[in-house]
Amino acid sequence: MAEVYDFKKIEKKWQGFWEKKNLFKSREDKKKNKYYLLEMFPYPSGKLHMGHARNYVIGDTYARFLRMNGHNILYPMGYDALGLPAENAAIKNNVDPAQWTQECINRMIEQQKKLGLSYDWERLVVTSRPEYYRWNQWVFLKFYEKGLAYKKKAPINWCPKCATVLANEQVSQGKCWRCESDIEIRDLEQWFFKITDYVEELLNDIDKLDGWPERVRIMQRNWIGRSVGTKVDFRLKDTDEILPIFTTRPDTLYGVTFMTFAPEHPKVQELIAGTKYEKDVKKFINRVLIEDKFTRSAMDKEKEGIFIGKYAVNPLTNEEIPIYVANFVLMEYGTGIIMAVPAHDQRDFEFARKYNISIKVVINPPGEELKADKMEQAYVEEGVMGNSAQFDGIKSSEAINKITQYLDEKDWGEKAVQYKLRDWLISRQRYWGTPIPVVYCDKCGIVPIPLEELPVKLPKGVKFTGKGNPLAMNKEFLNCKCPKCKGKARRETDTMDTFVDSSWYFARYCDPNNDKLPFAKQKVNYWMPVDQYIGGIEHACMHLLYARFFTKALRDIGLYEVDEPFKHLLCQGMVIKDGAKMSKSKGNVVSVDAMVGKYGADTARLFVLFASPPEKDLDWSDEGVEGSWRFLNRVWRLVEQVANTKGKSIKEDKKSKEGLNRKKHATIKKITEDIGDFHFNTAIAAIMEFVNTIYSLSDSVPEDDIRESVRTVVLLLSVFAPHICEEMWQNLGYNETITKECWMKHDEEALKQDEIPIVIQVNGKVRSKIMVSATATEEQIKKVALEDERIKKFVGDKKVIKTIFVPKKLVNVVVK
């Protein structure tokens, strides 16, 4: 790797200059067009690799482009700093999670600055700091006032040996990550946010998100999962207790032969308590619930279940049907209880065959009669009703409404709309999160902490043993006075899901130092919504949905006027190396430090932008990195050549001069359009092509024209490779930073050509090329083509059958 320019010296110089001059500071300015550009803030793991860097470089390139185009930019950075990894590190290394987190943040800031990222660092937001999570608590209390925060029982992973709650990530093959004991599923009182109050608005407003990728919009619609169907009230045998189910197929109600509960349904524990089935059912539930829900419910997954010793009664037939718990039933669908019709649902069919449950046909194909014992699969098409009392003989599609009406008349059910989306469980039984600001008083019950007493801070000096919740074992934190009666009380020891932190952080950037409110309304109204959000598609259904919910809920509290947080969304692809996603766990990372140390930040930036469009996966290539390095050196040599050459003697060619000028303006136009569309790879390719043109015409075009073209290259390249371009700009004699330069505008007149090239083919093979007037007619061009000496030679004595003309491109002479 031959070194032409000292990138280490240059990059350090300009990073220091930008910081000293505070060039990237954001200010509200109503005279300018604002633009809020944001990448999803990272978890501070400590060391960045080039997979992470790609995301930031995409954003920074666009930010620099927008600034040069006169926009007033808000482009901040922060860290999603609470969560399980820091607590695990504390347990493993006997270190304070706050200390571990801050050390990681310091390393990441250093690496991000090495990449030349133009953030407004004065707006830094770190979610683990009390001055941030105080406002998480403030929002919680406002939600609590409005009934959007409430408490109910929900299942958790419990390790009996460690006596602690485990996150799903801490469970490996049904065992505790620390002691490898079998985990249990227990019901625990936990806090929820009532996102379902906004379900219709969240669903309907997806149509407004026309700046989002369609696949993300589809994923959110599916996650919300609106279904129109029928609620049917089955009854628990020998009781008056109702077991409601939701179905989109009421036409199959007469064929129900069993009922299935989701393993996590709280009713199951109540039904099996004290029975001979309790031990085996609990063991089954513990095994099933550690599986991924998508895996559990996949069509090709083996259907498993267990009878719980109870029966339900079908309101239409009065038949008693056995109740099972099954792995393929999810709480997210309907009521978490499903009526099973094996004759007309494939999963139910497979389950019934496996557990020897009866099958009852209630829909037949037209002109046929199915026999349950002969069926090899469920019949799921439309057909004619049978074994369905007064509904026999009508089409099944008609029976859907008729049976629903009948249920409604009998007060056994009704038409209903259901959603897969469930209220958001925010409780986490661990230390490194936002403390939930309530206390429990024997006299007053649940008492919220007064707003003026916030924040409830995480205690220091906590011991991390991996057993139990550290907050619950910290008496200094736990024991307190009731704000209402001043008697003895105990604090809530759950902390908030870290998705709470990321659901509004983008608004805090608008006013990061406000100590009176989460943010001032006038400031957030100036900057919000985020005009361009950049991040991975893996956040499509959790973070992005929660952020939308928070925005709407905070609007209703009076903090916002916007309905949606993110106007445009770009989901960048992954960086692939050795056939797999670049990640520390796979051992295939290229660290930012190593990359910048060997090639410099500008080469690193240029490669990740040139190698693939942002939304596509990028295959890492050492050869590609070398190619980017060589190109920057080539531009450096070109600038040196121009800067050091005075009075060079050339043989001027008018057409070359016009051609260079035309190429310059065509390049400006293409790059401007490509960057606006995030087509960075083709924009860089256009710069490379322009550089080739400059080299090829340097001996036939006046110095001033070459110098102006080189100036154009440096300015256009500066958004991609800012350090080297700052230095080259200075070498060309400009004293002001290139960052403050205005983006170039192309001249449409300069793009017009006096002459255009026309390719001439004979029988489809290229035989010559001619230059013709840009205003020449088809007949004139054909005449010139046939009079070309080379074409005359190829045609010879053969007869010209016809000439095919493609405007502004070619003439094909067909001969025989």
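Within each chain, residues carry numbers counting from 1 in the order of the written sequence. Note on the predicted model: pLDDT of at least 70 is required for a residue's local features to be given, and 80 or more for side-chain atom pairs to be given and counted; whole-chain, interface and lining totals, by contrast, use all residues. Note: side-chain values were computed over all heavy atoms of the structure, leaving out hydrogens and water.

Visitor: Hey, could you run me through the overall build of the protein chain in this one?
Guide: Per the convention used, a helix needs a DSSP run of H or I reaching at least four residues, while a strand needs a run of E reaching at least two, with both numbered from the N terminus. Each helix and strand in the protein chain was counted, giving 26 helices and 34 strands. Principal axes of the C-alpha set define a box for the protein chain whose edges measure 105 × 80 × 50 Å. Each residue gets one of three labels from its accessible area relative to the maximum for its type: buried under 20%, exposed over 50%, partly exposed in between, using a 1.4 Å probe on protein chains only. Looking at the 816 residues of the protein chain, the share that counts as buried comes to 54%. Here the analysis covers contacts within the protein chain between residues at least 6 apart in sequence; of these, 73% occur between residues at least 24 apart. Two residues qualify as a contact provided that any one of their heavy atoms is within 4.5 Å of a heavy atom in the partner residue.

Visitor: Would you explain unusual backbone geometry in this entry?
Guide: What you tend to see is this: most non-glycine residues have negative phi, and most peptide bonds are trans. Of note, the bond from L454 into P455 is cis; its omega dihedral lies within 30 degrees of zero at 5 degrees. Counting through the fold element by element, P455 comes out in the loop between β22 (445-448) and α13 (475-478). A cis geometry characterises the amide bond from M528 onward to P529, with omega recorded as 0 degrees. Here P529 is to be found in the loop between α15 (521-527) and β26 (530-535). A positive phi is found at D238, a non-glycine position, where the angle reads about 65 degrees. Counting through the fold element by element, D238 comes out in the loop between β10 (226-236) and β11 (242-247). For D411, which is not glycine, the phi dihedral falls at a positive 65 degrees.

Visitor: Whenever I open this one, helix α23 (residues 722-731) confuses me. Can you help?
Guide: Three or four residues apart is the spacing at which side chains of an α-helix point the same way, because the helix has 3.6 residues per turn. Where burial is concerned, most of α23 is hidden: eight out of the ten residues are buried. Buried residues along α23 sit against α1 (7-21), α2 (50-68), α4 (97-114), α18 (601-610), α19 (622-643) and α22 (703-717).

Visitor: How should empty space enclosed by the protein be read in this particular structure?
Guide: Vacant regions in the atomic arrangement are exposed by a probe of water-molecule size rolled over the atoms. The pocket and cavity definitions rest on a 1 Å grid over protein atoms only: a 1.4 Å probe that fits but cannot leave marks a cavity, an open set with protein on both sides within 12 Å along at least five of seven lines marks a pocket, and residues lining either have an atom within 4 Å of a point. Grid points are joined across faces, edges and corners, and a volume is the space filled by probe spheres set on the points. Applying the stated rule across the entire model yields two cavities of 30 Å³ or more. Computed from the structure, the largest cavity encloses a volume of approximately 70 Å³. Every residue lining the largest cavity is listed: R64, R67, M68, S718, V719, P722, E726, I738 and T739. Of all the elements, α2 adds the most residues to the lining of the largest cavity, at three residues. Just so you know the grouping, Ala, Val, Leu, Ile, Met, Phe, Trp, Tyr, Cys and Pro go in nonpolar, Asp, Glu, Lys and Arg go in charged, and all remaining residues, Gly too, go in polar. Its residues placed into classes, the lining of the largest cavity shows four nonpolar, two polar and three charged. Computed from the structure, the second largest cavity encloses a volume of approximately 40 Å³. A breakdown of the residues in the lining of the second largest cavity according to their chemical character gives five nonpolar, two polar and three charged.

Visitor: Please explain the sheet that holds strand β23 (residues 479-481) as it appears in this structure.
Guide: Between any two strands, at least two bridges found by DSSP are needed for them to pair. Spatially, the four strands line up as an open sheet ordered β22-β21-β24-β23, and their pairing is antiparallel. Every interior strand has two partners, whereas the edge strands, β22 and β23, have only one. The mean inter-strand angle of the sheet, taken between neighbouring strand axes irrespective of direction, is 40 degrees. Strand direction decides the pairing type here: strand β21 (residues 438-441) and strand β24 (residues 488-491), joined by three bridges, are antiparallel. Along β24, the bridge assignment pairs V439 with R491. Convention adopted: a line fitted to C-alpha atoms gives each axis, helices being fitted over their contacting stretch, and angles between N-to-C directions are expressed from 0 to 180 degrees.

Visitor: Can you help me understand the environment of W424 in this one?
Guide: Within the element layout of this structure, W424 appears in strand β19 (residues 424-425). We classify W424 as buried; its relative accessible area is 2%. Along the primary structure W424 and T196 are separated by 228 residues, whereas in three dimensions their C-alpha atoms are 8.5 Å apart. Other than its neighbours up to four places away in sequence, W424 contacts W191, F192, F193, I195, D497, F499, V500, S503, Y546, F549 and F550. Among the polar contacts made by the side chain of W424, one reaches the side chain of D497 at a distance of 3.0 Å. N or O atoms closer than or at 3.5 Å make up a polar contact, with two conditions inside protein: a donor-capable atom paired with an acceptor-capable one, and, for residues adjacent in sequence, both atoms drawn from side chains.

Visitor: Which parts of the structure should I look at to understand the nonpolar core?
Guide: The nonpolar side chains of a soluble globular protein tend to be buried with one another. Ranked by internal contacts, the top residues of the largest apolar core, which has 92 residues, are M50, W620, I675, L717 and F720. With sequence-adjacent residues up to four places away left out, I675 is seen in contact with Y62, F65, F680, A683, V719, F720 and W743. The criterion is simple. A nonpolar core is a set of buried Ala, Val, Leu, Ile, Met, Phe, Trp, Tyr and Cys residues joined through side-chain atoms within 4.5 Å. Of all hydrophobic cores here, the second largest spans 90 residues; its members include V95, I426, V439 and F519.

Visitor: Explain a negative patch on the surface here, please?
Guide: Together, D408, E409, D411 and E414 make up a region of like negative charge exposed at the surface. Along the polypeptide, D411 turns up in the loop between α12 (396-410) and β18 (413-419). Excluding any residue in a salt bridge, patches collect residues exceeding 30% relative accessible area, merging like charges within 9 Å and nonpolar Val, Leu, Ile, Met, Phe, Trp and Tyr side chains within 5 Å. Here the Shrake-Rupley method, with its probe set to 1.4 Å, supplies the accessible areas, and only the displayed protein chains count as covering residues. Take a side-chain nitrogen of Lys or Arg and a carboxyl oxygen of Asp or Glu: if they are within 4 Å of each other, that pair is a salt bridge. Positive charges come from Lys and Arg alone, negative charges from Asp and Glu alone, with His and the N- and C-terminal ends not counted. A charge is said to be at NZ when it belongs to Lys, at CZ for Arg, at CG for Asp and at CD for Glu.

Visitor: Sorry if this is basic, but what is going on with the environment of A90 here?
Guide: Along the chain, the position of A90 falls in helix α3 (residues 84-93). Apart from residues lying up to four places away in sequence, A90 is in contact with V95, P97 and F464.

Visitor: Teacher, can you tell me more about the layout of surface pockets here?
Guide: Empty space within the second largest pocket amounts to approximately 430 Å³. In terms of lining residues, the second largest pocket is bounded by 18 residues, among which L23, K32, R67, H71 and N72 are the most central. At the level of secondary structure, the elements contributing two or more residues to the lining of the second largest pocket comprise α2 and β2 (72-74). Looking at the lining of the second largest pocket, its residues break down into five nonpolar, six polar and seven charged.

Visitor: Can you help me understand a positive patch on the surface in this one?
Guide: Taken together, the side chains of K47, K92, R107 and K584 define a basic patch exposed on the protein surface. Within the secondary structure layout, K92 lies in helix α3. Overall, K92 belongs to the exposed group, its relative accessible area being 71%.

Visitor: So what exactly am I meant to see when it comes to the sheet that holds strand β32 (residues 765-773) here?
Guide: Note on sheets: strands pair through backbone hydrogen bonds, and any given pair is parallel or antiparallel. Strand order across the open sheet formed by four strands is β32-β31-β34-β33, with mixed pairing between neighbours. Edge positions in the sheet fall to β32 and β33 (800-806), since each has one partner strand and no second. Recorded for the sheet is a direction-independent mean angle of 20 degrees between the axes of neighbouring strands. As judged from the four bridges shared by strand β31 (residues 755-762) and strand β34 (residues 810-815), these two strands associate in the parallel manner. The partner of V762 across the bridge, within β34, is V813. Lying over the sheet, helix α25 (residues 778-787) contacts β31, β32, β33 and β34, oriented at roughly 125 degrees with respect to β33.

Visitor: Can you help me understand the pattern of salt bridges in this one?
Guide: Oppositely charged side chains can pair when the atoms bearing their charge come close. Applying the stated criterion to the full structure yields 49 salt bridges. Between E19 and K113 there is a salt bridge, and its shortest N-O distance comes to 3.3 Å. Of this pair, E19 sits in helix α1 while K113 sits in helix α4, and the two are 94 residues apart along the sequence. The exposure class assigned to E19 is exposed, which follows from its relative accessible area of 52%. On the basis of relative accessible area, K113 is assigned to the partly exposed category, the value being 28%. The partner of E28 in a salt bridge is R123, and the shortest N-O contact between them spans 3.7 Å. Of this pair, E28 sits in the loop between α1 and β1 (34-39) while R123 is found in the loop between α4 and β4 (125-126), placing the two residues 95 residues apart along the sequence. Taking the relative accessible area as the measure of exposure, E28 reaches 34% and is therefore partly exposed. A network of salt bridges, in which partner residues are shared, links E201, D205, K208, R548, K552, R555, D556, D563 and E564.

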